[in-house]
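Fold and geometry: a report
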Amino acid sequence: MGIRAAHWDDWSLEGLLGQKMALGQRVSLVVPARNEAATVGAVVTRVREALMDTVALVDEIVVIDSDSVDDTFAVAESAGARVHRSAEIRPDLGTHSGKGEAMWKSLFVTSGELLVFMDADLHDWDTHFVPGLLGPLLGSPEVQLVKGFYDRPGADGPLEGGRVTELVARPLIALLFPELGGLVQPLAGEWAVRRSWFAGLSVPSGYAVELAALIDTVREGGVEALAQVDLGVRAHRHQALRDLGGMATQIIAAALARVAPEVSRPQPPDAAVLRQYLRGLEPVEHVVPIIERPPAKDLL
């Protein structure tokens, strides 16, 4: 059995609302953000207007601000989100910079049984992303995690999965995790998961959260626990090559931790060694720390 696939318009909004009411489940939209003041307001506003004010599919929008130095916090709050600084959530547990950390910390400040994650840097997208991702969770109790995939417009036509996806994640999957080979975009930032399932996963603090969640979900629940949904078109800001090097490093580390934990590092590598490995490219904070947060279920 392969990973089931669907299209976002396989479900009607009315049907999803009925299923949500019948199940009595709440939906939390979580937007991890770092220095995304230019786009986070539109993401929050459009979802709030379409899926909270008009219909009651989403119950709360929570932005987790991961050490932003711009106006991300204020913009997201003005747009109608509840905003938390990642470092201020459960300070007793410490804090680590990174996207995965923000998503892990969201478990302590959200109430939904169903969590939808969306990146904050979206440009070409629509609010159907959210109901599309919720469809398999509301309709199929065996599904625990739903990945989105989409066309990525480029100057010379549609792009593929992105540089890190094609050059790092997909080769790792082919060699080490072939059961995930049917995923169109394994690193997509738009995905949904049952709260109880995500709380039972180990979460890398950085960019590898998506790949780690997929690997651990298939190991624990089999491919039937996964689904993917075609969301149409999505565009976002392209990152500099030096930043992608940091992302690739963290993704490789998370993969190694799941096939050869004896060679993975439980603590961040020495910054001087890392700088030498990356030929002096800065900023180092985009690469470290490579930390795995334990399952949150015992901490909630």
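This one's a predicted model, so the numbers in the text were calculated from it and none came from an experiment.

So, on to the pattern of salt bridges. If you walk through the whole model with that rule in mind, you get 14 salt bridges. Its salt-bridge partner being Arg4, residue Glu142 comes within 2.8 Å of it at the nearest N-O pair. Within this pair, whereas Glu142 is found in the loop between helix H5 (129-139) and strand S7 (145-151), its partner Arg4 is found in strand S1 (residues 4-7), the two being separated by 138 residues in sequence. When its relative accessible area of 26% is taken as the criterion, Arg4 is described as partly exposed. The residue Arg90 makes a salt bridge to Asp92 at a minimum N-O spacing of 2.8 Å.

This part takes up the sheet that holds S7. Strands pair in a sheet through their backbones, by hydrogen bonds, and they do so in one of two ways: parallel or antiparallel. Read across the sheet, eight strands follow the order S1-S10-S7-S8-S5-S2-S3-S4 without closing on themselves; strand pairing throughout is mixed. Unpaired on one side and paired on the other, S1 and strand S4 (82-85) mark the two borders of the sheet. Along the sheet, successive strands turn relative to each other by an average axial angle of 25°, direction set aside. Sitting on the sheet, H5 touches strand S2 (27-33), strand S5 (114-117), S7, strand S8 (191-194) and strand S10 (226-233), and the angle it makes with S10 is about 160°.

Leave glycine aside and you will find that most residues have negative phi; peptide bonds, for their part, are mostly trans. One non-glycine residue, Asp67, lies in positive phi territory at about 60°. Position of Asp67 among the secondary structure elements: in the loop between strand S3 (60-65) and helix H3 (72-78). The partly exposed category is assigned to Asp67, whose relative accessible area is 38%.

Summed over the entire model, instances satisfying the criterion amount to six aromatic pairs. Among the aromatic residues, ring-to-ring pairing joins Phe117, Trp191 and Phe198 into one connected group. Lying over the aromatic face of Trp125, Arg46 brings its terminal NZ or CZ to 4.4 Å of the ring centre.

Over its 14 residues, helix H6 (residues 163-176) runs 19 Å from end to end, which matches the ideal 20 Å to within 8%, given 1.5 Å per residue. Of all bends in H6, the biggest is about 35°, found at Ala169, and the proline Pro171 comes one to four residues later. Where H6 is concerned, the buried positions are Val164, Thr165, Val168, Ala169, Leu172 and Ile173.

The next thing to look at is the nonpolar core. Membership of the largest hydrophobic core comes to 46 residues, with the highest contact counts inside it found for Phe117, Leu180, Trp191, Val193, Phe198 and Ile251. The set of elements that each furnish at least two residues to this core consists of S3, helix H4 (99-106), S5, H6, S8, helix H7 (195-198), helix H8 (209-221) and helix H9 (241-259). Apart from residues no more than four positions distant in its own chain, Phe198 is found in contact with Met103, Trp104, Leu107, Leu115, Phe117, Trp191, Val193 and Val203. Listed in part, the 42 residues of the second largest apolar core include Leu17, Val40, Leu138 and Val229.

Chain-level statistics for the protein chain give a pLDDT mean of 87 and a share of 83% at 70 or above. Here residues 262-288 scores under 50 on pLDDT; set against residues more than four positions off or in separate chains, the count is 38 contacts.

All right, on to the environment of Ala42 then. Within the secondary structure, Ala42 sits in helix H2 (residues 40-53). Counting along the chain gives 79 residues from Ala42 to Asp121, while the straight-line C-alpha distance between them is 9.6 Å.

Within the secondary structure, Trp104 is located in helix H4. Taking the relative accessible area as the measure of exposure, Trp104 reaches 0% and is therefore buried. The sequence separation of Trp104 and Val209 amounts to 105 residues, and the corresponding C-alpha distance is 9.2 Å. Dropping the residues within four chain positions of it, Trp104 is found in contact with Leu93, Phe198, Val203, Arg293, Pro294, Pro295, Ala296 and Leu299. A distance of 2.9 Å separates a polar side-chain atom of Trp104 from the backbone oxygen of Pro294.

Counted residue by residue, S3 has six buried out of six residues, so it is predominantly covered. Neither face of S3 is exposed, since Glu60, Val62 and Ile64 on one face and Ile61, Val63 and Asp65 on the opposite face are all buried. For S2 and S3, the ladder comprises six bridges, and the chain directions are parallel. When the bridges of S3 are listed, Pro32 appears paired with Ile64. In this view, the connection linking S2 to its parallel neighbour S3 by way of H2 has right-handed handedness. As paired elements, S3 and S4 share four bridges and run parallel to each other. The residue of S4 that forms the bridge with Asp65 is Arg85. Once the chain exits S3 it traverses H3 before rejoining the sheet at S4, and the crossover so formed is right-handed.

What counts and what doesn't
Residues numbered from 1 in each chain as written. Predicted model: local features only at pLDDT ≥ 70, side-chain atom pairs only at ≥ 80, totals over all residues. Heavy atoms only, no water. Salt bridge = Lys/Arg side-chain N within 4 Å of Asp/Glu carboxyl O. Helix = DSSP H or I, 4+ residues; strand = E, 2+ residues; numbered from the N terminus. Buried < 20%, exposed > 50% of the residue type's maximum accessible area, 1.4 Å probe, protein only. Pairing = 2+ DSSP bridges. Axes fitted to C-alpha atoms, helices over the stretch in contact; angles between N-to-C directions. Contact = heavy atoms within 4.5 Å. Phe/Tyr/Trp six-rings, centres within 6.5 Å; stacked < 30°, edge-to-face > 60°. Lys NZ or Arg CZ within 6 Å of the ring centre and 35° of its normal. Expected span 1.5 Å × (residues − 1). Bend = angle between axes of the 7 residues up to and from the residue. Core = buried A, V, L, I, M, F, W, Y, C linked by side-chain atoms within 4.5 Å. pLDDT = per-residue confidence, 0-100. Polar contact = N/O pair within 3.5 Å; in protein donor to acceptor, adjacent residues only side chain to side chain. Right-handed = clockwise from strand over helix to strand, strands pointing away.

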